[in-house]
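Breakdown of the fold
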Amino acid sequence: MSADKAINITLKVWRQKNADAKGALETYKLDGVSTSSSFLEMMDQLNEQLINEGGSPVQFDHDCREGICGSCNMYINGQPHGPASLNTTCQLHMRSFKDGDTIYVEPWRAKAFPVIKDLVVDRSAFDRIQQAGGFVSVNTSGNTQDANAIPIEKDNADMAFDAATCIGCGACVAACKNASASLFVAAKVSQYALLPQGQVEAKDRVLNMVKQAQKEGFGPCSNTGACEVECPKGISLENIARMNREYLAASLSK
Amino acid sequence: MSLDSKIPEGPIADKWTNHKNNIRLVNPANKRNIDVIVVGTGLAGGSASATLAELGYNVKAFCYQDSPRRAHSIAAQGGINAAKNYQGDGDSTYRLFYDTVKGGDYRSREANVYRLAEVSANIIDQCVAQGVPFARDYGGLLDNRSFGGVLVSRTFYAKGQTGQQLLLGAYSAMNRQIAKGKIQMYNRHEMLDVVIVDGKARGIIARNLVTGEIERHSAHAVVLASGGYGNVFFLSTNAMGSNVTAAWKAHKKGAYFANPCFTQIHPTCVPVHGAQQSKLTLMSESLRNDGRIWVPKKKEDAEAVRKGTLKPTDIKEEDRDYYLERRYPSFGNLVPRDVASRAAKERCDAGYGVVDNDTKEGVFLDFASAITRYGKEEANVKGVENPTDAQIKEMGKKVIANKYGNLFDMYKNITAEDPYETPMRIYPAVHYTMGGIWVDYNLMTTVPGLYATGEANFSDHGANRLGASALMQGLADGYFVLPYTIGDYLADDIRTGPIPTDSKAFDEAEKKVKDEINSFLNIKGSKSVDYFHKKLGQIMWNKVGMSRNEQGLKEAIKEIAELRDQFYKDVRVPGSGDEMNAELEKAGRVADFLELGELFARDALEREESCGGHFREEYQTEEGEALRRDDEFTYVAAWEYTGNPSEAILHKEELNYENIELKTRSYK
Ligand SMILES: Cc1cc2nc3c(=O)[nH]c(=O)nc-3n(C[C@H](O)[C@H](O)[C@H](O)COP(=O)(O)OP(=O)(O)OC[C@H]3O[C@@H](n4cnc5c(N)ncnc54)[C@H](O)[C@@H]3O)c2cc1C
Ligand code: SF4
Ligand code: FES
């Protein structure tokens, strides 16, 4: 396939034994990294080396390795998911780096995402925000109305889909100087706001989800837009504007 | 024990309705006193958890990821089938049933498949009501596309992220019940054993993956929705954590394991790049709607392409072999997966592969003619007169980008080649497992009170699954089948009361789990878990992969047993058991794969025929097509564990075809 080279790199990786321990950056040299490897395959190689040397491998979250589960959360050279745009860490390839590079790898940093170990953080706050209202209250019965009973304008359906592609990775929070979760919350609020099925519970949804986000310790939104730039799925700031409109309308009518 | 599939009496179209009318129900007040454990929160487990909680049961759900939203189902790309007949192209419940049985090469159970087809339409209604944003046309109605092995358009989709949208729908339904306290969610927990009390499944032992604590959880019934075991091959399109552990531990406790050798090798995946490769990436089957598959006609061209001295786009039309269109004129590029995969292997084995890796394996998937065709259509629609070739290409590319943009981006990202300009290079990869835990019509395993749903069971796809039918099955099981059939069993438990966890059965199960963990940690050998996993993968791929023969299978069985011995002598698992420890998690999973692999090869050896994804070289027609042997092998092979995979006992469930005539599959 493409020209495959081997490069030698230096890694500075955040190591932290557990939630209470104090962490620090450790330095590792890694030779012979194929430029066709993904970033996580490079991390596998590092771990293999650490295991063979009798050390302890770096703990990190990952699963799908194709940019859709939202597990992999590495802060690489000061950017969530590293240098490439519209990319998750697992989709980043080593051809983005050069022989001799030093690469910094850290976990997401936010009060609401405490570190569990090394690069692994606790993102359960995101689940609790969804539990506060990220659903339509419909039971499974087998006699719901026919799926084509309510036509939905294509533009709205497409916009709802775009908002719904959020993978819950938390890069938006990691990128934000206030550690705000606005883009994440707005993506869900928007998806339902754009669909007829979401209307009935729209007001409670936005109020409850925003309240929960505050309770979890995520900061306020100051419209800097860093989240949009770092979001691997290109969730747009328009969603935050839509959420703010929904929020205002809901607050006024309550 | 003889196998009773519990298929209800009566004509096929009435079986499910009659059955639902006749099974026992649990009244709502009593459901509050009944606990159900669901292991896995992908489409199958997520939908089951939400529905059981809505019905009133207390649900405890488990997943190994940090959130149910990250289950492997999230990665499904192409779509979900349903017999809605919105396109008016002649689709019906019967046709979906027929296509699925035929696609599965006549090795699935008619009654189950019919029920699946029957409830398929409800799934789409339910998902739309939840706010799942399926693709729509300009009239605002739901859009459809076609998948392999069928002649109608019945696949619903959300761009290339259908699994994501469906899973987030099930996740939202779960969240509603978690907020109500009806589901207790245990994230970052791995089930390591089933607990059987007085012959019934009454709980599980799970490891808290953050603290390492070994926990006891009890319930009146246990549902396994833990996904497929494709990772026994090390390289597959499955998520890194996908495993057989939950299913295998259940097998060791008495659940029969059915048709382990029925594995789907998906024809269109990005080829292997090198030794560091950790997983393979699928390029959705939907691409075969528009992509044409070919290799060069001349070996010297193939070699020049591999060396990089000849560009594929410079190979003349007459020097290309569109081998699927040549061999299967009526289905062409849309033949089922097993057929397409074997045809690719056949060309590469003959020396026409186009990828420069160790095995020279790869074929082209080309969009050039689709780009031109769509470009011309667009020019007509937009009224562009005498468009230039460049204009046509530009417009055509836009149409393609709209349909498959995210897949093209993904491909470019991995390979650094631009599929709008040069054909994709693809090769088959392990993708899905049709085999799994044996279940009866009620989705109950051979252990009373233990159920299996989704990819974890063996039920509906026979020897080959059609595209877009796994999502359908997972949601059918979880939303519409299990929540009702389980009531029939639980009706006996309304007065049982909570199941205590201080019994002997729990003590023993917990001790076994702890001992196993300690044994991994104490080996302190010289090789990593991945070393063994990769070795196992090589044996599986080379000898139990796309084509199999007696000698290779016998060798594989021996080699896997040897590798297993070596694993227990020489694996190195760093760290301890009472902390987060990914290597320890992997060790447990690989240990189970090392046992499953052997049973898998035995099953393949025992099945002396070719059917669906199982191809035995000894059994093929003169044209190289799969040769089924219906007289002897029209059965489900259900294996009983007796202490060692090599001593497993084979039980046969005969398959009776009353509504569909057994025929040789033909896609010519
Ligand atoms: C790349 C890709 C694309 C696909 N595209 C399509 C498609 O377009 N259409 C289609 O129909 N099918 C598709 N499939 C197949 C389909 O996605 C799967 O078969 C289906 O999603 C499986 O769902 P499931 O709920 O059974 O299991 P999974 O989604 O795999 O979920 C398994 C669950 O079990 C949990 N689990 C596993 N083991 C344990 C344990 N020991 N303890 C606790 N929890 C455990 C996991 O945490 C997870 O929650 C695709 C598959 C792949 C790999
Ligand atoms: S909005 Fe974007 S960055 Fe934030 S969680 Fe969703 S996908 Fe990740
Ligand atoms: S591992 Fe799933 S998004 Fe990166």
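About the thresholds
- Residues numbered from 1 in each chain as written.
- Chains lettered and ligands numbered in written order.
- Predicted model: local features only at pLDDT ≥ 70, side-chain atom pairs only at ≥ 80, totals over all residues.
- Heavy atoms only, no water.
- Helix = DSSP H or I, 4+ residues; strand = E, 2+ residues; numbered from the N terminus.
- Rg over C-alpha atoms; globule rule 2.2 N^0.38 Å.
- Buried < 20%, exposed > 50% of the residue type's maximum accessible area, 1.4 Å probe, protein only.
- Contact = heavy atoms within 4.5 Å.
- Areas by Shrake-Rupley, 256 points an atom, 1.4 Å probe, with all protein chains shown as cover.
- Axes fitted to C-alpha atoms, helices over the stretch in contact; angles between N-to-C directions.
- Parallel < 35°, antiparallel > 145°, perpendicular 65-115°, else oblique.
- Nonpolar A, V, L, I, M, F, W, Y, C, P; charged D, E, K, R; others polar.
- Salt bridge = Lys/Arg side-chain N within 4 Å of Asp/Glu carboxyl O.
- Near = heavy atom within 4 Å.
- Polar contact = N/O pair within 3.5 Å; in protein donor to acceptor, adjacent residues only side chain to side chain.
- Pairing = 2+ DSSP bridges.
- Buried area = accessible area lost by both parts, 1.4 Å probe.
- Domains from an automatic or database assignment.
- Expected span 1.5 Å × (residues − 1).
- Bend = angle between axes of the 7 residues up to and from the residue.
- Phe/Tyr/Trp six-rings, centres within 6.5 Å; stacked < 30°, edge-to-face > 60°.
- Lys NZ or Arg CZ within 6 Å of the ring centre and 35° of its normal.

Now for the overall build of chain B. Regarding its fold elements, chain B presents 18 helices and 19 strands. Relative to a compact globule of 668 residues, whose C-alpha radius of gyration would be 26 Å, chain B shows 25 Å and is just as compact. The principal-axis extents of the C-alpha atoms in chain B amount to approximately 80 × 60 × 50 Å. A burial count over chain B gives 67% of its 668 residues as buried. In chain B, the share of contacts with a sequence separation of at least 24, taken over all contacts with a separation of at least 6, comes to 74%. For chain B, the exposed area adds up to about 22,500 Å²; of that, 47% sits on carbon and sulfur atoms.

Attention shifts here to the packing of helix α8 (residues 299–307) of chain B against helix α10 (residues 337–352) of chain B. Residue and element names in this part refer to chain B. It is the contact of α8 with α10, at a shortest axis distance of 10 Å, that shows an interaxial angle of 90°. Judged on the interaxial angle alone, α10 and α8 are roughly perpendicular. On α10, the residues touching Lys299, Ala302 and Arg306 of α8 are Ala350, Gly351 and Tyr352. Residue composition of the contact of α8 with α10, grouped by class: three nonpolar, one polar and two charged.

A few words now on the pattern of salt bridges. The final tally for this structure, using the stated rule, is 75 salt bridges over all chains. Here A:Asp118 and A:Arg15 are joined by a salt bridge, their closest N and O atoms 3.2 Å apart. Here the residue A:Asp118 occupies a position in the loop between β6 (115–117) and β7 (120–121), and A:Arg15 occupies one in strand β1 (residues 6–15), the gap between them amounting to 103 residues. Accessibility classification places A:Asp118 together with A:Arg15 in one group, the buried group. A salt bridge links B:Asp507 to B:Arg216; its shortest N-O distance comes to 3.0 Å. Of this pair, B:Asp507 sits in helix α14 (residues 504–523) while B:Arg216 sits in strand β8 (residues 214–218), and the two are 291 residues apart along the sequence. According to the relative accessible area criterion, B:Arg216 is partly exposed, its value standing at 26%. The network of salt bridges with shared partners includes B:Asp105, B:Arg107, B:Asp338, B:Arg607, B:Glu609, B:Arg628, B:Asp630 and B:Arg665.

Turning next to the site of ligand 1. Around ligand 1 there are 39 residues in total, and B:Gln65, B:Ser73, B:Met191, B:Glu455 and B:Leu471 lie nearest to it. With respect to ligand 1, its neighbouring residues span chains A and B. B:Leu43 is positioned such that a nitrogen or oxygen atom in its backbone is 3.1 Å from an oxygen atom of ligand 1. With respect to ligand 1, the side chain of B:Asn243 contributes an N or O atom lying 3.2 Å from a nitrogen atom. Coverage of ligand 1 by the protein chains reaches 98% of its 1,000 Å² of free accessible surface. The element contributing the most residues to the shell around ligand 1 is strand β6 (residues 189–197) of chain B, with three residues.

Below, the discussion takes up the sheet that holds strand β18 (residues 635–640) of chain B. Residue and element names in this part refer to chain B. One open sheet accounts for four strands, arranged β16-β10-β18-β19; its pairing is antiparallel. At either margin of the open sheet sits one strand with a lone partner, and together these are β16 (436–437) and β19 (649–654). Contacts from helix α17 (residues 582–606) reach β10 (257–258), β18 and β19 within the one sheet, and its direction differs from that of β18 by about 145°.

For the rest of this paragraph, the subject is the interface of chain B and chain A. At the junction of the two partners, chain B supplies 81 residues and chain A supplies 72 residues. The contact between chain B and chain A buries some 6,300 Å² in all, and 50% of this surface belongs to carbon and sulfur atoms. Where chain B touches chain A, the interface holds six salt bridges. Among the salt bridges present, the one from A:Arg123 reaches B:Asp66, with a minimum N-O distance of 3.6 Å. Our count for the chain B to chain A interface comes out at 45 residue pairs in polar contact (both at pLDDT 80 or more). Contributing elements (two or more residues each) for the side of chain B that touches chain A: α3 (43–55), α5 (110–130), α6 (162–180), α12 (389–415), α13 (470–490) and α17 of chain B. Sort the elements by how many residues they give to the side of chain B that touches chain A and α6(B) lands first, with nine residues. Residue composition of the side of chain B that touches chain A, grouped by class: 34 nonpolar, 28 polar and 19 charged.

The next subject is the site of ligand 2. All names here are of chain A. Around ligand 2 lies a shell of 13 residues, among which Cys166, Cys169, Gly170, Cys172 and Cys231 are the nearest. Breaking the shell around ligand 2 down by element, the ones donating at least two residues are α4 (171–175) and α5 (182–193). In terms of residue class, the shell around ligand 2 is made up of 11 nonpolar, two polar and no charged.

Residues and elements named next belong to chain A. In terms of domain boundaries, chain A breaks down into domain 1 (6–116) and domain 2 (123–253). Once you take the C-alpha centre of each, domain 1 and domain 2 turn out to be 29 Å apart. At the junction of the two partners, domain 1 supplies 19 residues and domain 2 supplies 20 residues. For the pair domain 1 and domain 2, the summed buried area comes to about 1,500 Å², and 61% of that belongs to carbon and sulfur atoms. Three residues stand out in domain 1 for area buried against domain 2, namely Pro80, Ala112 and Phe113, and they jointly supply 34% of the buried area on that side. At the surface where domain 1 touches domain 2, the tally comes to one salt bridge.

Quick look at the domain arrangement of chain B now. All names here are of chain B. Along its sequence, chain B is organised into domain 1 (269–430) and domain 2 (504–632). If you average the C-alpha positions of domain 1 and of domain 2, the two centres end up 33 Å apart. The interface of domain 1 with domain 2 comprises 11 residues on the first partner and 10 residues on the second. Contact with domain 2 buries surface across domain 1, with Asp338, Arg342 and Lys345 losing the most and accounting together for 50% of the total. The tally of links between domain 1 and domain 2 comes to one salt bridge.

We now examine α5(B). All names here are of chain B. The first and last C-alpha atoms of α5 sit 31 Å apart over 21 residues, in line with the 30 Å expected at 1.5 Å per residue. Along α5, the sharpest change in direction is near 35° and occurs at Val119. Burial within α5 is extensive, with 19 of its 21 residues counted as buried. A positive backbone phi angle near 95° is found at Gly131, which sits one or two residues after α5.

Note on aromatic pairs: each is described by the distance of the centres and the angle between the planes. Residue and element names in this part refer to chain B. This structure, assessed with the given rule, holds 33 aromatic pairs over all chains. Ring plane angle 55° and centroid distance 5.9 Å describe the contact between Trp248 and Phe257, whose orientation is recorded as tilted. Exposure remark for Trp248: the relative accessible area of 0% places this residue in the buried category. The class for Phe257 is buried, based on a relative accessible area of 0%. Taken together, a centroid distance of 6.4 Å and an interplanar angle of 15° make the contact between Tyr404 and Phe408 stacked. Here Tyr404 pairs with Phe408, and both are found in helix α12, just four residues apart, close to one helical turn. Like Phe408, Tyr404 is buried. Above the face of the Trp16 ring, Arg115 is positioned so that its terminal group lies 4.9 Å from the ring centre. Lying over the aromatic face of Tyr64, Arg589 brings its terminal NZ or CZ to 4.9 Å of the ring centre.

Residue and element names in this part refer to chain A. The strand order across the open sheet formed by five strands is β2-β1-β5-β3-β4, and the pairing between neighbours is mixed. At either margin of the open sheet sits one strand with a lone partner, and together these are β2 (24–34) and β4 (79–80). Pairing of β1 with strand β5 (residues 102–107), which is carried by four bridges, proceeds in the parallel orientation. Bridging across to β5, Val13 finds its partner in Val105. Together, β1, β2, β3 (74–76) and β5 form the strand contacts of helix α1 (residues 39–52), whose direction differs from that of β2 by roughly 105°.

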